[in-house]
Amino acid sequence: MNKARKRVSATAILYWLVMSILFFDIVIQWNKRWESGLEADAEPYADPYADIMYLALTFDDGPHPVYTPLLLDGLRERGVKATFFVTGENASEYPELIERIQEEGHLIGNHTYSHVELSAVGQEVFLEELEKTNQVLRELTGEEIIYVRPPYGEWNKEIEELCGMFPVLWDVDSLDWYSKNTDAVVRRVLADVEDGDIILMHDGYQSTVEAALYLIDELSAQGYEFVTVDELLFD
């Protein structure tokens, strides 16, 4: 009798073990099918910034007493921010324009004090020009100036280490200073511009103001968004 009970108990245990294994297998298979169904129904992740193209408009040599205010008016109307690489001389002469550029959310950079060329004046004078301009801009804006656009694009690593500033060159040269022609500037930029480009212009000409505002309208319609160079390079 005891042997029979033991056999029955062993059989029952084996039965429940097998049933438990089958049950858990069914649960696992059902869970896999459920998850597969969710994945099939789920929308693929879409990066909201994937289709946005960015450009940075930069203006050298200013501020100009006539054309910089006109440019600022046009930028404000369009809600566009730009970068202004100013000379210390012009900043000292037109401090109210530096204050306006800052107040309206544009980025201000250093373009030396008197637009000197590194190879012409030498390293020592060039560094003095940068520091003199930084001092002027620091007093006007209350901020440290980090970015520099070296005149004629002349720069080297030694200067960079000594001044501790970040050089910003360009991808598209509008040659606005050369042509002084609105249509020519527009054609040149539209022919060369690509996503992520920095565009070089000068806010000392009526033709540049006209070309810049036309380009903003045209390129915005093409899907471009205009940002300051720090946003373009580091965001």
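Criteria and thresholds
- Residues numbered from 1 in each chain as written.
- Predicted model: local features only at pLDDT ≥ 70, side-chain atom pairs only at ≥ 80, totals over all residues.
- Heavy atoms only, no water.
- Buried < 20%, exposed > 50% of the residue type's maximum accessible area, 1.4 Å probe, protein only.
- Helix = DSSP H or I, 4+ residues; strand = E, 2+ residues; numbered from the N terminus.
- Pairing = 2+ DSSP bridges.
- Salt bridge = Lys/Arg side-chain N within 4 Å of Asp/Glu carboxyl O.
- Polar contact = N/O pair within 3.5 Å; in protein donor to acceptor, adjacent residues only side chain to side chain.
- 1 Å grid on protein atoms, 1.4 Å probe; cavity = no way out; pocket = protein on both sides within 12 Å on 5 of 7 lines; lining within 4 Å.
- Points joined across faces, edges and corners; volume = space filled by probe spheres on them.
- Nonpolar A, V, L, I, M, F, W, Y, C, P; charged D, E, K, R; others polar.
- Expected span 1.5 Å × (residues − 1).
- Arc of directions from axis to C-beta.

Q: So what's going on with the pairing of strand E1 (residues 53-60)? Which residues, and what values?
A: Counting buried positions over the eight residues of E1 gives six, a clear majority of the element. As judged from the three bridges shared by E1 and strand E8 (residues 224-226), these two strands associate in the parallel manner. For Leu55, the partnering residue across the bridge sits in E8 and is Phe226. Pairing between E1 and strand E7 (residues 198-202): five bridges, direction parallel.

Q: Provide a residue-level description of the pattern of salt bridges, including the pertinent values.
A: Close approach of charged atoms lets side chains of opposite charge pair. Enumeration over the complete set of coordinates arrives at 10 salt bridges. Note that Asp217 and Arg78 form a salt bridge whose closest N and O atoms lie 2.9 Å from each other. Note that Asp217 is positioned in helix H10 (residues 206-221) and Arg78 in helix H2 (residues 67-78), a separation of 139 residues in sequence. Taking relative accessible area as the criterion, Asp217 reaches 41% and is therefore assigned partly exposed. A salt bridge links Glu144 to Arg138; its shortest N-O distance comes to 3.0 Å. Here Glu144 falls in the exposed class, since its relative accessible area comes to 55%.

Q: Tell me about the side chain of Thr228, and name the residues and values.
A: Looking at where Thr228 falls in the secondary structure, it is placed in the loop between E8 and helix H11 (229-234). Within polar-contact distance, the side chain of Thr228 engages the side chain of Asp230 at 2.4 Å. Of note is the side chain of Thr228, whose polar atom sits 3.0 Å from the side chain of Glu231.

Q: Explain the layout of surface pockets to me, and be specific about the residues and the numbers.
A: Its volume calculated, the largest pocket comes out at about 220 Å³. Classifying every residue of the lining of the largest pocket by side-chain character gives eight nonpolar, four polar and four charged. Around the second largest pocket, the lining residues are Gln102, His106, Leu107, Ile108, Thr141, Glu143, Glu144, Ile145, Ile146, Tyr147 and Asp230. In the lining of the second largest pocket, the residues fall into five nonpolar, three polar and three charged.

Q: Summarise unusual backbone geometry; cite the residues concerned and give the values.
A: Note that the residue after Gly62, namely Pro63, is joined by a cis bond; omega there is 0 degrees. If you trace the backbone, Pro63 turns up in the loop between E1 and H2. Unlike most non-glycine residues, Tyr152 shows phi in positive territory, near 65 degrees. Following the sequence through the fold, Tyr152 ends up in the loop between strand E4 (147-148) and helix H7 (157-163). You can call Tyr152 exposed: its relative accessible area is 53%. Phi at Lys180 takes a positive value of approximately 50 degrees, unusual for a residue other than glycine. Within the secondary structure, Lys180 sits in the loop between helix H8 (176-179) and helix H9 (182-192).

Q: Could you give an account of helix H6 (residues 123-141), naming the residues involved and the relevant values?
A: Its 19 residues give H6 an end-to-end C-alpha distance of 27 Å, which sits within 8% of 27 Å, the value for a rise of 1.5 Å per residue. Among the residues of H6, Phe126, Glu129, Leu130, Thr133, Asn134, Val136, Leu137 and Thr141 are the ones counted as buried. Within H6, the buried residues cover an arc of 165 degrees as seen down the axis, which keeps them to one side. Opposite its buried face, H6 presents the exposed residues Glu124 and Glu139, each directed more than 90 degrees away. Positive phi shows up at Gly142, right after H6, with a value of about 75 degrees.

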